[in-house]
Amino acid sequence: MDIPPTVIAVRRLTKEFRHWGRRLLALDRVDLEVHRGEVFGLLGANGAGKTTLVKILLGLARPTAGDVLVRGSSPRRPGTRRRIGYLPEGHRFPGYLTGDASLRLFGRLAGVPEKALDARIPELLELVGLGERRRDRVGRYSKGMTQRLGLACALLDEPDLLFLDEPTDGVDPVGRRHIRDILLQTREHGTTIFINSHLLSEVERTCDRVAILHEGRLVRQGTVQDLTAPSRRFRLRLADGQSMLPERLAEDGWRVVTNNGHLEIEVADLEALNRLVDRLRADRRLIAEISPVRTALEDVFIEVVEGEEHSPGSLENGSRTGVHGPGGDR
Ligand SMILES: Nc1ncnc2c1ncn2[C@@H]1O[C@H](COP(=O)(O)OP(=O)(O)OP(=O)(O)O)[C@@H](O)[C@H]1O
Ligand SMILES: [Mg+2]
């Protein structure tokens, strides 16, 4: 099938829920694009609207306003959902089924031919590390195993678009790395992957591009590199046993930011950094490491969330993406 380069296009998507006459704006004029073959991460705190957005992209919920195109057509058309894999948040399989039988049941429901299932099920169980436990009842699986079975289930129909809602929820670090490897392998086959998560370090390692959703509004969008752009700060470490007096560097006009076992120095540009190296070498210091200090995605996230809470009037901030104006109609 010929997939357009823009796999998901969302324009001014708004979703409003009503509770006992009260309005709740779960999504507020969200603009978003996901390109073919990328791993896209949607970040947001609990209740930010991530699951609501995925449900709309899958045609499981209706938008209140705005346009949504998945592979160029409406997600509510049954044909659009073909070859889309979905790992729902907090999914459960019937506890009395074995891992094997669960996949067969879901494979049949998805219309995958029996013969294809015969080959695909053992292959997938092997891939997610459940080969040995395939005949065990799912009720006896641990949380991480259930999650990996869910991933196998989402991959059953060889999807070219995969939605994962909190895929590493309840999974230990080894299991998380395993899932990450499977996702990168899946992407190698050309599958576009959309991940909802609040596990920032996971997203940082796995996703090509990310968007941060805060109380229904998309407040940042870009590559992980863009969002965590290196500062002009460099961490400097000298070989063991050598010291560098921050006071002396400060006297010479260097901006020493911290001295916490190592030095962090802020420089105007690379020229200045190299002058610093010359200065240290002239003093016969042996440099063990110089590395740029990056802002972790977590810091960006906290900054966005706290910034929003503390300064609701700053909505016109130019760094925001999308069309959001001041205030919202919540
Ligand atoms: N079916 C529904 N009816 C009414 N309100 C809903 C419904 N689904 C979601 N909401 C509300 O919409 C908001 C966004 O919820 P959503 O589940 O999309 O958040 P989330 O970002 O996925 O959060 P989490 O990280 O906790 O999974 C919440 O305030 C939630 O209570
Ligand atoms: Mg959710």
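Only a predicted model underlies this, so the values are computations on that prediction, with no experimental measurement involved.

Conventions we followed
- Residues numbered from 1 in each chain as written.
- Chains lettered and ligands numbered in written order.
- Predicted model: local features only at pLDDT ≥ 70, side-chain atom pairs only at ≥ 80, totals over all residues.
- Heavy atoms only, no water.
- Helix = DSSP H or I, 4+ residues; strand = E, 2+ residues; numbered from the N terminus.
- Buried < 20%, exposed > 50% of the residue type's maximum accessible area, 1.4 Å probe, protein only.
- Contact = heavy atoms within 4.5 Å.
- Areas by Shrake-Rupley, 256 points an atom, 1.4 Å probe, with all protein chains shown as cover.
- Lys, Arg positive; Asp, Glu negative; His and termini not counted.
- Charge placed at Lys NZ, Arg CZ, Asp CG, Glu CD.
- Domains from an automatic or database assignment.
- Phe/Tyr/Trp six-rings, centres within 6.5 Å; stacked < 30°, edge-to-face > 60°.
- Donors = N, O, S within 2.8 Å, 3.2 Å for Na, K, Ca; no water.
- Core = buried A, V, L, I, M, F, W, Y, C linked by side-chain atoms within 4.5 Å.
- Near = heavy atom within 4 Å.
- Nonpolar A, V, L, I, M, F, W, Y, C, P; charged D, E, K, R; others polar.
- Expected span 1.5 Å × (residues − 1).
- Pairing = 2+ DSSP bridges.
- Axes fitted to C-alpha atoms, helices over the stretch in contact; angles between N-to-C directions.

Undergrad: Honestly, the overall build of the protein chain in this entry has me stumped. Any pointers?
TA: Scanning the protein chain from N- to C-terminus turns up 10 helices and 13 strands. Reported as C-alpha extents along the three principal axes, the dimensions of the protein chain are approximately 75 × 50 × 40 Å. Within the protein chain, the proportion of its 330 residues that are buried is 46%. Within the protein chain, contacts between residues separated by at least 24 positions form 69% of all contacts whose residues are at least 6 apart in sequence. Of the roughly 17200 Å² that the protein chain leaves accessible, carbon and sulfur atoms contribute 48%. Computed over 51 positive and 48 negative side-chain charges, the inter-centroid distance for the protein chain is 5 Å.

Undergrad: I'm lost on the domain arrangement of the protein chain in this one. Help?
TA: Segmentation of the protein chain into domains returns domain 1 (6-83 + 159-227) and domain 2 (230-294). Here the C-alpha centroids of domain 1 and domain 2 sit 41 Å apart.

Undergrad: Could you clarify how one ought to interpret the packing of aromatic side chains in this entry?
TA: Here a ring pair, both rings aromatic, is described through the centre-centre distance and the interplanar angle of the planes. Inspection of the entire model under this criterion finds 3 aromatic pairs. Ring geometry for Phe-163 versus Phe-194: centroids 5.4 Å apart, planes at 45°, classification tilted. Of this pair, Phe-163 sits in strand E6 (residues 161-165) while Phe-194 is found in strand E7 (residues 192-197), placing the two residues 31 residues apart along the sequence. Taking relative accessible area as the criterion, Phe-163 reaches 0% and is therefore assigned buried. Members of the aromatic cluster, joined through ring pairs, are Phe-40, Phe-163 and Phe-194.

Undergrad: What is the right way to read the environment of Cys-207 from this model?
TA: Among the secondary structure elements, Cys-207 is positioned in the loop between helix H6 (200-206) and strand E8 (209-214). Residue classification places Cys-207 among the buried residues on the basis of a relative accessible area of 7%. Sequence separation between Cys-207 and Ile-8 is 199 residues, and the spatial gap between their C-alpha atoms is 16 Å. Leave out the neighbours within four places in its chain, and Cys-207 touches Val-39, Phe-40, Gly-41, Ile-195 and Val-224.

Undergrad: Would you mind going over the coordination of the magnesium ion (ligand 2) with me for this structure?
TA: Ideal geometry at a metal gives 109.5 degrees between four tetrahedral donors and either 90 or 180 degrees between six octahedral ones. All of the protein donors around the magnesium ion (ligand 2) are Thr-51 (OG1) and Glu-89 (OE); their distances to the metal are 2.0 to 2.4 Å. Here Thr-51 is found in helix H1 (residues 50-57), whereas its partner Glu-89 is found in the loop between strand E5 (84-87) and helix H2 (99-109), with 38 residues between them in sequence. Classification of Glu-89 as partly exposed rests on a relative accessible area of 42%.

Undergrad: Would you mind going over the nonpolar core with me for this structure?
TA: In summary, soluble globular proteins display a tendency toward joint burial of nonpolar side chains. The biggest cluster of nonpolar side chains holds 43 residues, and the ones touching the most others in it are Leu-43, Leu-103, Leu-149, Leu-164, Leu-183 and Val-210. Residues contacting Leu-43, with those up to four places away along its chain left out, are Lys-50, Ser-197, Leu-200, Val-203, Val-210, Ala-211, Ile-212, Leu-213, Leu-297 and Phe-301. By size, the runner-up hydrophobic cluster in this structure holds 26 residues, among which are Val-54, Leu-57, Leu-58 and Leu-161.

Undergrad: How do you make sense of the site of ligand 1 when you look at a structure like this?
TA: Neighbouring ligand 1 are 15 residues; Gly-47, Lys-50, Thr-51, Thr-52 and Glu-89 lie closest to it. Listed by contribution, the elements that provide at least two residues to the shell around ligand 1 are strand E1 (6-19), strand E2 (22-35) and H1. Of the residues forming the shell around ligand 1, the biggest block, 3 residues, is contributed by H1. Its residues placed into classes, the shell around ligand 1 shows 5 nonpolar, 7 polar and 3 charged.

Undergrad: Help me out: how do you make sense of the environment of Asp-226 in this one?
TA: With respect to the helices and strands, the residue Asp-226 is situated in helix H7 (residues 224-227). Taking the C-alpha atoms as reference, Asp-226 lies 14 Å from Phe-40; in sequence the two are 186 residues apart.

Undergrad: When you look at helix H4 (residues 143-154) in this model, what are you seeing that I'm missing?
TA: For an α-helix, 3.6 residues make a turn, and residues three or four places apart therefore share a direction. Spanning 12 residues, H4 covers 17 Å between terminal C-alpha atoms, matching the ideal 16 Å at 1.5 Å per step. Counting buried residues in H4 gives 11 out of 12 residues, a clear majority hidden from the surface. Restricting attention to buried positions, one finds in H4 the residues Gly-144, Met-145, Thr-146, Gln-147, Arg-148, Leu-149, Gly-150, Leu-151, Ala-152, Cys-153 and Ala-154. The elements touched by buried residues of H4 are E5, H2, helix H3 (114-127), E6 and helix H5 (173-188).

Undergrad: Can you walk me through the sheet that holds E1 in this structure?
TA: For sheets, the rule is that strands pair by backbone hydrogen bonds, running either parallel or antiparallel. Pairing is antiparallel across the open sheet formed by 3 strands, whose spatial order is E2-E1-E4. Each having just a single partner strand, E2 and strand E4 (65-70) make up the two edges of the open sheet. For this sheet, the mean inter-axis angle between neighbouring strands, taken without regard to orientation, is 20°. Two strands pair when backbone bridges link them, and E1 and E4 are joined in this way by 5 bridges, in the antiparallel orientation.

Undergrad: Help me understand the pairing of E1 in this model?
TA: Looking down a regular strand, the side chains alternate between one sheet face and the other. Note that E1 and E2 share 10 bridges and pair antiparallel. Looking at E2, one finds that Thr-6 is bridged to His-35. Between the antiparallel neighbours E1 and E2 lie 2 residues, among them Trp-20 with a positive phi of about 45°.

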